[in-house]
Amino acid sequence: MFVLLMGYRRGIREALQRQGVPFVIWSGKEIPWKAGKNSLVVKPYPQSKEELISQLGEREVTHIIAGTEDSVFPASQARLWLDARRNSHSIILKCTDKLKMKEYLRDKSTPMTPFIGGGKGVDASTIIKELGLPIVSKPRKSSGGRGVKIIDNKSDLEKELGRDKIFEKIIKGSEGSVESVIIDGEVKFSNITEYKRLGHCNLVPGHYSDTVKEGILDLNKKVIKSLRIKWGMTHLEFYLTDKGILFGEIALRPPGGYIIDAMEIAYGESFWDLFVKVELGLDILKFPERIKYSSSYLIHPGVGIVESISGEKDVLNIKSLEKIKLSVKAGDEVTQRVGVGQNCGFAFFSNDDKDKLNTDIDNFEKTLVVKLKPKVK
């Protein structure tokens, strides 16, 4: 067994090392780790079978793992070239292109907000007539909220038109996600994550009623079955609205936003180890069960120059706080956030009581204050 890890993710690398699986990394950018004997290729992902083989040399790769969102499609292509274990390439296309995904699942009667692709022949007047204003504009291929805009007038909408965009009717409701492990086409494990504060705070597992959880899991299973996903870890986003539970999108990869870290706290198990075992087709004797409630919190105070930070020591007295890391100090510039992966620090919380967890998170937000001032132009 030999693994090609495309797109670096520390958790996957460490899981491979713990399990004694030899691997090589192909990353599109420099990574904060010295590869050593696990040699590293740092260059754009291969465009041909010949390029891939020339870089691998005599290594006989048996499995390919996609570690990042941008490597999911290249990894699927590499599996085809090397005849490695894979899901259907058409499934990967649907899970990386929001327009193809939604068109396919809409035909399967999946509940979702109305949408229109921004391809040839589509104009702003038609989109506004069909979806109304304001409208959500998204890149067809992106994640973590990157490139998402709320458009409230025709002039701005015309600037967004293009075949690489998808436009959606705005949704009023709350958001969350489901992280699932799939083996032989069956969902073997699922965690529901609640977005307490979108882009900042996640609750794991979500604090939903049994009825709501049942509806979310039913939608999740329906989508996975419709897409015919055979194996892997999925991250499905949903909306809770007054019209019911709506599908948002699904990715065939582990989630971002430190959700995996929060899951490991809540379930007391390494989900990176579990993910690697699923990717390699290894036997899994049992699946994790919740032992407490947890939360991941991403710190991003806005845009400007950090004038002062207060409450750093006081938050350490918050009972539910597990860990905190703040990566800015007075005088640092905080730039515009383009996705959840961009932050000024993070914190993790856990508690046996979900209500106490919520209260402690609220106290954390009030106590830790990063004061900003405008940048002088």
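Thresholds applied
Residues numbered from 1 in each chain as written. Predicted model: local features only at pLDDT ≥ 70, side-chain atom pairs only at ≥ 80, totals over all residues. Heavy atoms only, no water. Helix = DSSP H or I, 4+ residues; strand = E, 2+ residues; numbered from the N terminus. Rg over C-alpha atoms; globule rule 2.2 N^0.38 Å. Buried < 20%, exposed > 50% of the residue type's maximum accessible area, 1.4 Å probe, protein only. Contact = heavy atoms within 4.5 Å. Areas by Shrake-Rupley, 256 points an atom, 1.4 Å probe, with all protein chains shown as cover. Lys, Arg positive; Asp, Glu negative; His and termini not counted. Charge placed at Lys NZ, Arg CZ, Asp CG, Glu CD. Polar contact = N/O pair within 3.5 Å; in protein donor to acceptor, adjacent residues only side chain to side chain. Disulfide = S-S within 2.5 Å.

**Q** Where do I start with the overall build of the protein in this structure?
**A** Counting its regular elements, the protein contains 11 helices and 19 strands. At 22 Å, the protein has a C-alpha radius of gyration in line with the 21 Å of a compact globule built from 377 residues. Seen through its principal axes, the protein has C-alpha atoms that stretch 55 × 55 × 50 Å. For the protein, buried positions account for 49% of its 377 residues. Look at the contacts in the protein between residues 6 or more apart in sequence, and 65% of them connect residues 24 or more apart. Accessible surface for the protein amounts to roughly 18,800 Å². Of this, 48% is attributable to carbon and sulfur atoms. Of note, the protein has its 60 positive side-chain charges centred 2 Å away from the centre of its 50 negative side-chain charges.

**Q** Whenever I open this one, helix 10 (residues 271–280) confuses me. Can you help?
**A** Every α-helix winds through 3.6 residues per turn, so residues three or four apart in the chain are directed the same way. Extensive coverage of helix 10 is indicated by the burial of 9 of its 10 residues. For helix 10, the capping residue at the N-terminal end is Ser270, with a side-chain oxygen 3.1 Å from the backbone nitrogen of Asp273. One or two steps after helix 10, the chain reaches Gly281, where phi turns positive at roughly 70°.

**Q** Is there a simple way to explain the state of the cysteines in this structure?
**A** In protein chemistry, a disulfide is the covalent bond that joins the sulfur atoms of two cysteines. In total, this model carries 0 disulfides according to the counting rule given. Take Cys201: it sits in no disulfide, and the sulfur closest to it among the cysteines is that of Cys344, at 16 Å. Accessibility expressed as a relative area gives 1% for Cys201, which makes it buried.

**Q** Would you mind showing me how to read the side chain of His207 here?
**A** Mapped onto the secondary structure, His207 falls in the loop between strand 11 (201–204) and helix 8 (210–227). According to the relative accessible area criterion, His207 is buried, its value standing at 18%. Side-chain polar atoms of His207 contact the side chain of Asn358, separated by 3.2 Å. With residues near it in sequence (within four places) discarded, His207 still touches Glu194, Tyr293, Lys354, Leu357 and Asn358.

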